[in-house]
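# Structural overview for review
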Amino acid sequence: MPAVAETIETVQSVQEGGYKWGFETDIEMEFAPKGLNEDIVRFISKKKNEPEWLLEWRLKAFALWQKMEEPNWAAVSYPKIDYQDAYYYAAPVKKAGPKSLDEVDPELLKTYAKLGIPLKEQAILAGVEGAGESPADSGRMPVAVDAVFDSVSVATTFRDELSKHGIIFCSISEAVQEHPELVREYLGSVVPQGDNYFACLNSAVFTDGSFVYIPKGVRCPMELSTYFRINAKSTGQFERTLIIADAGSHVSYLEGCTAPQRDENQLHAAVVELVAMDDATIKYSTVQNWYPGDADGKGGIYNFVTKRGACRGARSKISWTQVETGSAVTWKYPSCILLGDDSVGEFYSVAVTNNFQQADTGTKMFHIGRNTKSTIVSKGISAGRSQNTYRGLVKISPKAKGARNFTQCDSLLIGDQCGAHTVPYIENRCITAKVEHEATTSRIAEDQLFYCRARGLNEEEAVGLIVNGFCREVLKELPMEFAVEAQKLLAISLEGSVG
Amino acid sequence: MLRIEGLTAEIEGKQILKGIDLEVPKGEIHAIMGPNGSGKSTLSYVLSGREGYDITGGSVTWNGQDLLAMEPEERAAAGLFLAFQYPVELPGVGNANFLRTALNAQRRARGEKEVDAMAFLKLAREKLKKLHMSDEMLKRNVNVGFSGGEKKRNEVLQMALMNPSMAILDETDSGLDIDALRIVSEGVNALRGPDFSSLVITHYQRLLNYIVPDRVHVLMDGRIVRSGGKELAEELEAQGYGQASAA
Ligand SMILES: Nc1ncnc2c1ncn2[C@@H]1O[C@H](COP(=O)(O)OP(=O)(O)OP(=O)(O)O)[C@@H](O)[C@H]1O
Ligand SMILES: [Mg+2]
């Protein structure tokens, strides 16, 4: 059954309304003092027992960041962020270093339960015997979870199964300790420190994130999954994720987020770097539902993320799929650098904005190798008084002979106070390259709504169904579990947007 | 029993229904005929609760309930079904998903157990077979790219699945080939029984050879101008509306 066929249960199960996940977990915290300076950078590095080279790397980034200016070109506006008025390090206090799930704070497990971490993962995290051990039991791939709780990865499952294949899946702090050579080689190799303001800040103060290495020729036997969750008050989140797929390998990685409700705006500036060697494939899927602010636009997360993948090898492929429903302000452009000949970059995106949310998202595809191919499918849905901008760049270098790009941007408007904007930049410097762009803007038609209602759906279910239909091309790219969650989110995030 | 009394309705300030009186007792099938633009579809929309119509007077009760006070989805859950004259396309929404979502929404509203995917598929296949429709229909997006006849059959498929107690068929026969007309009529006749009533809107007497109505009403310019037995349809066919209404 196609994933979209699951809409029924999910759409129905979310009738309560509002942001379901607004709670705060009570776990002892260990904070770095408030503010940002060189000492804080040293504090973080020391706390994490990092080698000298990494401290130097952070300090270099910090020096660079101080000279940079916050970008203001995106079509979003937000109050000036006071970088001195935040904590840059907060870790759940470790009792004895959680080597198994039994040692994980029960509060944390409760948090996962409230988050409704789907199906298998919940059982795994809850320690249900045999959960997830047999990939055959549901005909689906099992999921390994590396949970980032605030700044430190607390629980990693499936370690053994993965290590049998030589796969490394751990927190980046652990990777720094145990595989420093890999981290040193690849860290900052896709997103250089000075790339942009937020990435630079992240380079200086990143606390944790995931690290994945798939060895040559290995097909990762399960989906790798991380649940991010911003928990401590005023704790900026600076995750750093690094995924390396060696020649001929294959991996699918899932990232999902929910955040507790709160009043102050919170900054999130993650960096994700992907590296795909010859014939390697990385599929990176995100479902993002951070607190978007209340109906008046108060509160909510600022999400300034730098995600970039490098297709270094020939015939390598990187595919980004994202469903963005959360955050007050989103600024995000997962990109692909197509270096290897015949390499492929894909970007499938659904961005939903409601109330006063602002999203400025899109992708960049850099065609450098010959016969490189990229596909961009962007679905923007705006409701309320929100603003939704697609900003894309397709750049084809003179060497990229036979390069091809296809871009499709569709906007759906709900109500008449929202805005949708499409800003495609194309820079083609190669005459044998072919670039195609299609864009549409539409509204949910009254006759569609009535047709659904005459069949028994209420207005919100009807909107959910029509919106899910509008996003189908993107949703079908998501792994099953995620597709279900994504549909649920689409429905939740548009609640109250009609009528 | 559906009872419409003195119903008047307008759209965008233009009066379309000018005082409709009509009773459809339980178990009966009534046909409505009338010239283009006389208000037949408007009546069907008003009965199903479409927004945009100003109901300026009159009342509609159905089994004692005030139908006009209900939301469209409440009417559906209560057993009212409208087969659209122009079925609507829903891009990206799979037909099977749509039908099951709708069926379960109705069942939930009635406090009944939902049907799971497997049970639904079985049920849907059964109905498809009866209507001589291919399973392919379930995989396609709702009405997208369907031929005119396929759209109409899809409406009848939905009706068969929802098993309504009151079905309004708005020109379901238009655009159907002869075989389809028979099949669709069989679909309606299969529902016939003491608990099923229907309002069949049509331009063609031919349909009424298959679905034999208990009563035939002529709607002209927003009013029922004549009512009679099934022979009225034949008279209309022979003489046209001008003659018939004057009679
Ligand atoms: N949205 C609207 N705005 C203005 N006039 C409308 C609107 N909808 C319907 N009408 C008018 O109402 C009248 C009745 O239309 P209706 O669709 O009910 O006719 P009908 O009897 O179903 O005709 P047909 O046999 O052609 O299907 C027509 O004159 C039509 O133009
Ligand atoms: Mg009509």
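Another aspect to go through is the overall build of chain A. Counting its secondary structure elements, chain A contains 13 helices and 23 strands. Looking at chain A residue by residue over its 499 residues, the buried ones come to 63%. For chain A, long-range pairs separated by at least 24 residues make up 84% of all intrachain contacts whose partners lie at least 6 apart in sequence. Accessible surface for chain A amounts to roughly 18,300 Å². Of this, 49% is attributable to carbon and sulfur atoms.

This part takes up the confidence of the model for chain B. Close inspection of predicted coordinates is inappropriate in any region flagged by low pLDDT. In this model, chain B carries an average pLDDT of 93, and 98% of its residues clear a pLDDT of 70 or more. Under the prediction, the complex receives an ipTM of 0.96, its pTM being 0.80.

Grouped together as the largest cluster of nonpolar side chains are 101 residues, with contacts concentrated most on Ile-381 and Val-467 of chain A together with Leu-2, Ile-4, Leu-47, Phe-98 and Leu-199 of chain B. Setting aside its immediate chain neighbours within four residues, Val-467 of chain A contacts Ile-381, Leu-412, Ile-414, Ile-444, Leu-490 and Leu-494 of chain A.

A four-donor tetrahedral metal ideally has 109.5 degree angles, and a six-donor octahedral metal ideally has angles of 90 or 180 degrees. All names here are of chain B. Ligation of the magnesium ion (ligand 2) by protein atoms is provided by Ser-41 (OG) and Gln-85 (OE1), these donors lying 2.0 to 2.1 Å from the ion. In this pair, Ser-41 sits in helix α1 (residues 40-48) while Gln-85 sits in the loop between β6 (80-83) and α3 (95-109), placing the two residues 44 residues apart along the sequence. Of the two residues, Ser-41 and Gln-85, both sit in the buried class.

Take the side chain of Glu-239 of chain A next. Residues and elements named next belong to chain A. With respect to the helices and strands, the residue Glu-239 is situated in the loop between β7 (223-229) and β8 (240-245). Salt bridges are absent for the buried Glu-239, whose nearest opposite-charge side chain, Lys-307, sits at 9.2 Å. Engagement of the side chain of Glu-239 in a polar contact is seen with the side chain of His-268, the distance being 2.9 Å.

Counting residues at the interface gives 26 residues for chain A, matched by 34 residues for chain B. Interface of chain A and chain B: buried area, both sides summed, is about 2,500 Å²; carbon and sulfur atoms make up 60% of it. A per-residue breakdown of the area chain A buries against chain B is headed by Phe-450, Tyr-451 and Arg-455 of chain A, which together make up 32% of the total. Viewed at the interface, chain B and chain A are joined by six salt bridges.

Right, let's get into empty space enclosed by the protein. Residue and element names in this part refer to chain A. One pass over the structure, following the stated rule, counts nine cavities of 30 Å³ or more. Approximately 100 Å³ is the volume attributed to the largest cavity. As for the largest cavity, its lining consists of 15 residues, of which Ser-378, Gly-380, Asn-388, Thr-389 and Tyr-390 are closest to the centre. Listed by contribution, the elements that provide at least two residues to the lining of the largest cavity are β17 (344-353), β19 (373-382), β20 (387-396), β21 (404-413) and β22 (419-428). Considered class by class, the residues forming the lining of the largest cavity number four nonpolar, nine polar and two charged.

Residues and elements named next belong to chain A. In the predicted model, chain A carries a mean pLDDT of 78, and 71% of its residues have values of at least 70. The low-confidence segment residues 118-141 (pLDDT under 50) makes 40 contacts with residues lying over four places distant or belonging to another chain. Here residues 228-235 scores under 50 on pLDDT; set against residues more than four positions off or in separate chains, the count is 57 contacts.

A word on the packing of aromatic side chains. Counted according to the given criterion, the structure contains 16 aromatic pairs over all chains. On the numbers, 5.8 Å between centres and 5° between planes, the contact of Tyr-451 of chain A with Phe-98 of chain B is stacked. Here Tyr-451 of chain A is found in helix α10 (residues 446-454), whereas its partner Phe-98 of chain B is found in helix α3 on a different chain. Just as Tyr-451 of chain A is buried, Phe-98 of chain B falls in that class too. By the ring-pair criterion, three or more aromatic residues cluster together here, those being Phe-62, Trp-65, Tyr-83, Tyr-197, Phe-198 and Phe-304 of chain A. The aromatic ring of Phe-206 of chain A is capped on one face by Arg-240 of chain A, whose charged end is 5.8 Å from the ring centroid.

A few words now on the pairing of β19 of chain A. Residues and elements named next belong to chain A. In terms of burial, β19 is largely enclosed, as eight of its 10 residues are buried. When β17 meets β19, the two strands line up parallel, connected through 10 bridges. Note that in β19 the partner of Val-350 across the bridge is Lys-379. As paired elements, β19 and β21 share 10 bridges and run parallel to each other.

Residue and element names in this part refer to chain B. Among the 15 residues in the neighbourhood of ligand 1, the closest are listed as Gly-37, Lys-40, Ser-41, Thr-42 and His-203. In this structure, an oxygen atom belonging to ligand 1 sits 3.0 Å away from a side-chain N or O atom of Asn-36. Within the side chain of Ser-41, an N or O atom sits 2.8 Å from an oxygen atom of ligand 1. Bound to the protein, ligand 1 loses 68% of the 640 Å² it would expose on its own. If you list the elements that add at least two residues to the shell around ligand 1, you get β2 (14-24) and α1. Examining the composition of the shell around ligand 1, we find that three residues originate from one element, α1, more than from any other. For the shell around ligand 1, the class distribution of residues is three nonpolar, eight polar and four charged.

Turning next to the sheet that holds strand β3 (residues 29-33) of chain B. All names here are of chain B. An order of β6-β7-β8-β3-β9-β10 is seen for the six strands of this open sheet, with the pairing classed as mixed. Single-partner strands in this sheet number two, and they are β6 and β10 (223-228). Strand-to-strand twist of the sheet, defined as the mean angle between neighbouring strand axes without regard to direction, takes the value 20°. Judged from the four bridges that link them, β3 and strand β9 (residues 215-220) form a sheet pairing that is parallel. Looking at β9, one finds that Ile-32 is bridged to His-217. The sheet contacts of helix α6 (residues 148-162) involve β6 and β7 (166-170), and relative to β6 the element is tilted by about 170°.

With that out of the way, let us pick up the pairing of strand β15 (residues 329-332) of chain A. Residues in a regular strand project their side chains so that they alternate between the two faces of the sheet. All names here are of chain A. By the alternation rule, side chains of β15 split into Val-329 and Trp-331 and Thr-330 and Lys-332, which are all buried. Both strand β13 (residues 301-311) and β15 contribute to a ladder of four bridges, which runs parallel. Following the sheet pairing, Asn-303 is matched in β15 by Thr-330.

In helix packing, the relevant descriptors are the interaxial angle and the interaxial distance, both defined with respect to the helix axes. All names here are of chain A. Orientation of helix α3 (residues 52-66) relative to helix α9 (residues 197-205), taken along the N-to-C sense of each, is 145°, at an axis distance of 7 Å. As for the relative orientation of α3 and α9, their crossing is left-handed in sense. For the pair formed by α3 and α9, the contact residues are Trp-57, Arg-58, Ala-61, Phe-62, Leu-64 and Trp-65 on the first element and Tyr-197, Cys-200, Leu-201, Ser-203, Ala-204 and Val-205 on the second.

Trans peptide bonds make up the majority, and among non-glycine residues the majority have a negative phi. Residue and element names in this part refer to chain A. One non-glycine residue, Asp-279, lies in positive phi territory at about 55°. Looking at where Asp-279 falls in the secondary structure, it is placed in the loop between β11 (271-276) and β12 (281-289). Note on Asp-279: relative accessible area 36%, which makes it partly exposed. Positive phi values are uncommon outside glycine, yet Asp-342 reaches one of about 60°.

Take α3 of chain A next. All names here are of chain A. Relative to the 21 Å expected for 15 residues at 1.5 Å per residue, α3 spans 21 Å between its end C-alpha atoms, a close match to the ideal helical length. Every buried residue of α3 is listed here: Trp-53, Leu-54, Leu-55, Trp-57, Arg-58, Leu-59, Ala-61, Phe-62 and Trp-65. Along its buried surface, α3 packs onto α2 (38-47), α7 (172-178), α8 (180-186), α9 and β8.

Reading the values: rules and limits
Residues numbered from 1 in each chain as written. Chains lettered and ligands numbered in written order. Predicted model: local features only at pLDDT ≥ 70, side-chain atom pairs only at ≥ 80, totals over all residues. Heavy atoms only, no water. Helix = DSSP H or I, 4+ residues; strand = E, 2+ residues; numbered from the N terminus. Buried < 20%, exposed > 50% of the residue type's maximum accessible area, 1.4 Å probe, protein only. Contact = heavy atoms within 4.5 Å. Areas by Shrake-Rupley, 256 points an atom, 1.4 Å probe, with all protein chains shown as cover. pLDDT = per-residue confidence, 0-100. Core = buried A, V, L, I, M, F, W, Y, C linked by side-chain atoms within 4.5 Å. Donors = N, O, S within 2.8 Å, 3.2 Å for Na, K, Ca; no water. Lys, Arg positive; Asp, Glu negative; His and termini not counted. Salt bridge = Lys/Arg side-chain N within 4 Å of Asp/Glu carboxyl O. Polar contact = N/O pair within 3.5 Å; in protein donor to acceptor, adjacent residues only side chain to side chain. Buried area = accessible area lost by both parts, 1.4 Å probe. 1 Å grid on protein atoms, 1.4 Å probe; cavity = no way out; pocket = protein on both sides within 12 Å on 5 of 7 lines; lining within 4 Å. Points joined across faces, edges and corners; volume = space filled by probe spheres on them. Nonpolar A, V, L, I, M, F, W, Y, C, P; charged D, E, K, R; others polar. Phe/Tyr/Trp six-rings, centres within 6.5 Å; stacked < 30°, edge-to-face > 60°. Lys NZ or Arg CZ within 6 Å of the ring centre and 35° of its normal. Pairing = 2+ DSSP bridges. Near = heavy atom within 4 Å. Axes fitted to C-alpha atoms, helices over the stretch in contact; angles between N-to-C directions. Left-handed = near helix turned anticlockwise from the far one by under 90°. Expected span 1.5 Å × (residues − 1).

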